[in-house]
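Descriptive analysis of the structure
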Amino acid sequence: VMRRNPFGMDICCRKGSRSPLQELYNPTQLSNTAILHQIRRDQVTDTCRANSVSSRKRRVLTPNDLKHLVVDEDHEMIYCYVPKVACTNWKRVMMVLTGRGKYSDPMEIPANEAHVSSNLKTLNQYSIPEINHRLKNYMKFLFVREPFERLVSAYRNKFTQKYNTSFHKRYGTKIVRRQRKNATQEALRKGDDVKFEEFVAYLIDPHTQREEPFNEHWQTVYSLCHPCHIHYDLIGKYETLEEDSNYILQLAGVGNYLKFPTYAKSTRTTDEMTTEFFQNISSLHQTQLYEVYKLDFLMFNYSVPSYLKLE
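Residues numbered from 1 in each chain as written. Predicted model: local features only at pLDDT ≥ 70, side-chain atom pairs only at ≥ 80, totals over all residues. Heavy atoms only, no water.

**A closer look at the overall build of the chain**
For the chain, the helix and strand inventory stands at 15 helices and six strands. The C-alpha radius of gyration computed for the chain amounts to 20 Å, which stays within 12% of the reference 19 Å derived for 311 residues, consistent with globular compactness. In terms of overall dimensions, the chain has a C-alpha envelope of 70 × 45 × 40 Å along the principal axes. When the 311 residues of the chain are sorted by exposure, 50% land in the buried category. Long-range contacts, defined as pairs at least 24 residues apart, comprise 67% of the intrachain contacts of the chain with a sequence gap of at least 6. Accessible surface, the chain: about 15,700 Å² in total, of which carbon and sulfur atoms supply 50%. (Helix = DSSP H or I, 4+ residues; strand = E, 2+ residues; numbered from the N terminus. Rg over C-alpha atoms; globule rule 2.2 N^0.38 Å. Buried < 20%, exposed > 50% of the residue type's maximum accessible area, 1.4 Å probe, protein only. Contact = heavy atoms within 4.5 Å. Areas by Shrake-Rupley, 256 points an atom, 1.4 Å probe, with all protein chains shown as cover.)

**Brief notes about the pattern of salt bridges**
Applying the stated rule across the entire model yields 13 salt bridges. Across the salt bridge formed by Asp193 and Arg180, the nearest N and O atoms sit 3.2 Å from each other. Taken together, the residues span a long stretch of sequence, with Asp193 in the loop between α9 (185-190) and α10 (196-204) and Arg180 in the loop between α8 (165-179) and α9 at a distance of 13 residues. Exposure remark for Asp193: the relative accessible area of 35% places this residue in the partly exposed category. Among the residues examined, Arg180 registers a relative accessible area of 16% and is labelled buried. Measuring nitrogen to oxygen at the nearest pair gives 2.7 Å for the salt bridge that ties Glu198 to Arg180. Pair noted here: Glu198 is in helix α10 and Arg180 is in the loop between α8 and α9, with a separation of 18 residues, a long-range link. (Salt bridge = Lys/Arg side-chain N within 4 Å of Asp/Glu carboxyl O.)

**As for the domain arrangement of the chain**
According to the domain assignment, the chain consists of domain 1 (20-147 + 218-252) and domain 2 (148-214 + 269-294). Between domain 1 and domain 2, the C-alpha centre-to-centre distance is 28 Å. The partner domain 2 presents 19 residues to the 13 residues of domain 1 that form the contact. Three residues stand out in domain 1 for area buried against domain 2, namely Lys84, Pro147 and Trp218, and they jointly supply 59% of the buried area on that side. Among the ionic pairs, Arg145 bridges to Glu149, the shortest N-O distance being 3.2 Å. (Domains from an automatic or database assignment. Buried area = accessible area lost by both parts, 1.4 Å probe.)

**Here we look at the packing of aromatic side chains**
A full pass over the atoms with the stated rule returns 24 aromatic pairs. Aromatic pair Phe141 and Phe143: ring centres 6.4 Å apart, planes at 90 degrees, arrangement edge-to-face. The exposure classification of Phe141 matches that of Phe143, with both residues buried. Against the face of Tyr238 rests Arg145, its NZ or CZ located 4.0 Å from the ring centre. (Phe/Tyr/Trp six-rings, centres within 6.5 Å; stacked < 30°, edge-to-face > 60°. Lys NZ or Arg CZ within 6 Å of the ring centre and 35° of its normal.)

**Quick word on the packing of helix α4 (residues 87-98) against helix α13 (residues 241-251)**
Interhelical geometry of α4 versus α13 gives an angle of 15 degrees and a closest axis separation of 13 Å. Classified by the angle their axes make, α4 and α13 are roughly parallel. α4 and α13 meet at a crossing whose hand is right-handed. Residues Trp90, Val93 and Leu97 of α4 touch α13, and the partners they reach there are Ser245, Ile248 and Leu249. By residue class, the composition of the contact of α4 with α13 is five nonpolar, one polar and no charged. (Axes fitted to C-alpha atoms, helices over the stretch in contact; angles between N-to-C directions. Parallel < 35°, antiparallel > 145°, perpendicular 65-115°, else oblique. Left-handed = near helix turned anticlockwise from the far one by under 90°. Nonpolar A, V, L, I, M, F, W, Y, C, P; charged D, E, K, R; others polar.)

**Regarding the sheet that holds strand β6 (residues 234-237)**
Spatial ordering of the open sheet is given by β3-β4-β5-β6, a layout of four strands whose pairing is mixed. Both edges of this open sheet fall to β3 (69-72) and β6, since each of them pairs with a single strand only. The sheet shows a mean angle of 25 degrees between the axes of neighbouring strands, taken without regard to direction. Bridge count between strand β4 (residues 77-80) and strand β5 (residues 139-144): four bridges; the pairing is parallel. Bridge assignment links Met77 to a residue of β5, and that residue is Met139. (Pairing = 2+ DSSP bridges.)

**Remarks on the state of the cysteines**
The full count for this structure, using the stated rule, is two disulfides. Between the sulfur of Cys48 and that of Cys228 lies a disulfide, 2.0 Å long from S to S. For the disulfide bridge between Cys48 and Cys228, the dihedral angle about the S-S bond is near -90 degrees, and by the sign convention the bridge is left-handed. One end of the pair, Cys48, is in helix α2 (residues 32-50); the other, Cys228, is in the loop between α12 (221-225) and β6, with 180 residues separating them in the sequence. Among the residues examined, Cys228 registers a relative accessible area of 6% and is labelled buried. What pairs with Cys80 in a disulfide is Cys225, and their sulfur atoms sit 2.0 Å apart. Given an S-S torsion of about -90 degrees, the disulfide between Cys80 and Cys225 has left-handed geometry. One end of the pair, Cys80, is in strand β4; the other, Cys225, is in helix α12, and 145 residues separate them in sequence. Of the residues examined, Cys80 reaches a relative accessible area of 0% and is grouped as buried. Residue Cys225 is classed as buried on the basis of its relative accessible area, which comes to 0%. (Disulfide = S-S within 2.5 Å.)

Shown next, in the form of structure tokens:
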């Protein structure tokens, strides 16, 4: 059976077993889940088309753009990880999937080990023909989250936790130097008391945009995963993390022995919390910040937050 899928690629069958892509695009029974993911894919395609002037910039992806795409050869899957969207747990799951029996329980893998880059293979480590082959034939997925909730989560994690001294030194000191009038010597040296307002001012400062790419924790999903250049087969959402994750594991044929770790983190950033953080941001800054993350809002179908006072 040669079937065309919406991306225009031929999917042929492995003997006796269906590939994840076949199961996704030609499901044995059409489920609401398959339809939901089609709607999400269409939303991305439409947004890319509508914003093609700003979004495509006619540039070709280089291997350096593919550092976030984790490859699982055994199950023919590619996962683009987005920090602050359950990426630690997904990296743990990918380590179980690619570890060839070395790990069986994702939660037994320490968080810091999940972030050691040598533990997972990323797409930029392959040759150009190998990259193209995998982009064409593997099932590609990513997880997204409401952009401002993700931003507040990154701020809380990187700037309000005392242990994140490397972030305080690298970004905090720079933010304090640029955004705080009459900063104390101690604040300039430590950078460990950045206010959310200062962080926002830093993000919308044209100087920041010119000087260096955003850190991955607050970089847009659009710039980390290149959804206008790479056709993602599945777009999971933080809001439906477990269902979406387990659907992907089921498509990969491992759903019967591997479940996505469930956890209720009491510290997780919520919508109410995000609303509070934005209380002190001027409407001008809110508007400018929305512009920075606008494509993520549109592409992944997040409406403009009700607490925003846009100009």
